[in-house]
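Listed below are the residues making up each chain.
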Amino acid sequence: MDNIIDLLKKCRRGPQIITPKDAGVIITETGLNSGKRCLDAGGGSGFLTLMLANVVAPKGRVYSYEKNPNFAEIVKHNVKLCGLEKIVTVKNRDAEEFSEKNLDLITLDMKGAENLIGKCHKALKNKGFLCVYSPHIEQQNAASKRMKKEGFSQIKTVENIQREWLVGTHTHPIPSGVMHTGFLTFGRKI
Ligand SMILES: C[S@@+](CC[C@H](N)C(=O)[O-])C[C@H]1O[C@@H](n2cnc3c(N)ncnc32)[C@H](O)[C@@H]1O
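Residues numbered from 1 in each chain as written. Predicted model: local features only at pLDDT ≥ 70, side-chain atom pairs only at ≥ 80, totals over all residues. Heavy atoms only, no water.

Colleague: Can you help me understand the site of the ligand in this one?
Modeller: Inspection of the region around the ligand gives 21 residues, with I18, E66, D94, A95 and D109 positioned closest. Interatomic distance of 2.9 Å between a side-chain N/O atom of D94 and a nitrogen atom of the ligand. Between the ligand and A95 there is a distance of 2.8 Å, counted from a nitrogen atom to a backbone nitrogen or oxygen. Here the ligand, which alone exposes 610 Å², has 88% of that area covered by the protein. Its residues assigned to classes, the shell around the ligand comprises nine nonpolar, seven polar and five charged. (Near = heavy atom within 4 Å. Polar contact = N/O pair within 3.5 Å; in protein donor to acceptor, adjacent residues only side chain to side chain. Areas by Shrake-Rupley, 256 points an atom, 1.4 Å probe, with all protein chains shown as cover. Nonpolar A, V, L, I, M, F, W, Y, C, P; charged D, E, K, R; others polar.)

What follows is the structure, encoded as structure tokens:
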């Protein structure tokens, strides 16, 4: 039977995704597990939404906000393909309008994410996490500053670089491939 990694290879792609290597860091840094309630914006191609849903199933929930109707359709298609319709609610709305409360994790991968940070602090449970993802360090600086201003604790920014090696008689790192994907800034409501 296909697992989530097999299924993601069959998913449609629209906007640039968060890769499984970065989703893995989000899951481990926040201690995400079954039953947790998450909000993910923007939904994009749904890849992070799906990785989160795979972990919080069967009792958890992921609310995925995507304002572009074409991309929201891609997220819905991919959620169905992965059989996660009971876990994920896709909302074709601006994330600024989100109304969910008592969340364990909020992930933001969208322009202007820093403007949502105050609202995120209010919507998180005590000890809940916020994670802002961006390929650009300027957005991480803005997010970091705003997290501090809004009262988040344990703020930190990380980059997760993976280097694959070719193993054989002449073993060496593969000299091509994606090095930089994005920066991840975490904060916790404590
Ligand atoms: C880089 S993509 C997200 C990719 C996604 N994390 C994934 O793994 O597939 C950014 C998305 O944010 C959406 N977006 C930007 N601003 C938004 C907003 N205010 N509310 C909801 N979605 C927004 C864009 O339409 C775009 O699809």
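Colleague: Would you take a moment to explain unusual backbone geometry for this structure?
Modeller: Trans is the prevailing form of peptide bonds, just as negative phi is the prevailing case for residues other than glycine. The omega angle of the peptide bond from A41 to G42 is -15°, so this bond is cis rather than trans. Assignment of secondary structure puts G42 in the loop between β1 (37–41) and α3 (47–56). The residue after A57, namely P58, is reached through a cis peptide bond having omega 5°. Take P58: it is sitting in the loop between α3 and β2 (61–65). A positive phi angle, close to 55°, is found at N102, a residue other than glycine. Of note, the phi angle at K127 is positive, near 75°, even though the residue is not glycine. Structurally, K127 can be placed in strand β5 (residues 124–134). (Helix = DSSP H or I, 4+ residues; strand = E, 2+ residues; numbered from the N terminus.)

Colleague: Would you take a moment to explain helix α6 (residues 137–150) for this structure?
Modeller: Think of an α-helix as turning once every 3.6 residues; residues three or four places apart then point the same way. The end-to-end C-alpha distance of α6, which contains 14 residues, comes to 20 Å, matching closely the 20 Å that a straight helix rising 1.5 Å per residue would cover. Of all the positions in α6, only Q139, Q140, A143 and M147 are classed as buried. The arc enclosing the buried residues of α6, seen along the axis, measures out at 100°, which places them on a common side. Facing away from the buried surface of α6 by more than 90 degrees, the exposed residues are E138, K145, K148 and K149. Where α6 is buried, its residues meet α5 (117–123), β5, β6 (153–159) and β9 (183–188). Immediately beyond the C-terminal end of α6, within one or two residues, lies G151, with a positive phi of roughly 100°. (Expected span 1.5 Å × (residues − 1). Buried < 20%, exposed > 50% of the residue type's maximum accessible area, 1.4 Å probe, protein only. Arc of directions from axis to C-beta. Contact = heavy atoms within 4.5 Å.)

Colleague: Hey, could you run me through helix α2 (residues 20–29) in this one?
Modeller: Those residues of α2 that sit buried are K21, D22, A23, V25, I26 and I27. Residues of α2 that are buried make contact with α3, β4 (103–108), β5, β6 and β9. Following α2 by one or two positions, G31 has its phi on the positive side, about 60°.

Colleague: Just checking my understanding: could you explain the sheet that holds β2 for this structure?
Modeller: With mixed pairing, the seven strands of this open sheet are ordered in space as β3-β2-β1-β4-β5-β9-β6. Across the chains shown, the open sheet's two edge strands, defined by having one partner strand only, are β3 (88–91) and β6. The average angle at which neighbouring strand axes cross in this sheet is 15°, direction not considered. Sheet analysis places β1 next to β4, joined by four bridges and oriented parallel. Residue pairing in the sheet places L39 in a bridge with I106 of β4. (Pairing = 2+ DSSP bridges. Axes fitted to C-alpha atoms, helices over the stretch in contact; angles between N-to-C directions.)

Colleague: Where do I start with the environment of E73 in this structure?
Modeller: Mapping E73 onto the fold places it in helix α4 (residues 69–81). Residue E73 is classed as partly exposed on the basis of its relative accessible area, which comes to 46%. Between the C-alpha atoms of E73 and K119, which are 46 residues apart in sequence, the distance is 26 Å.

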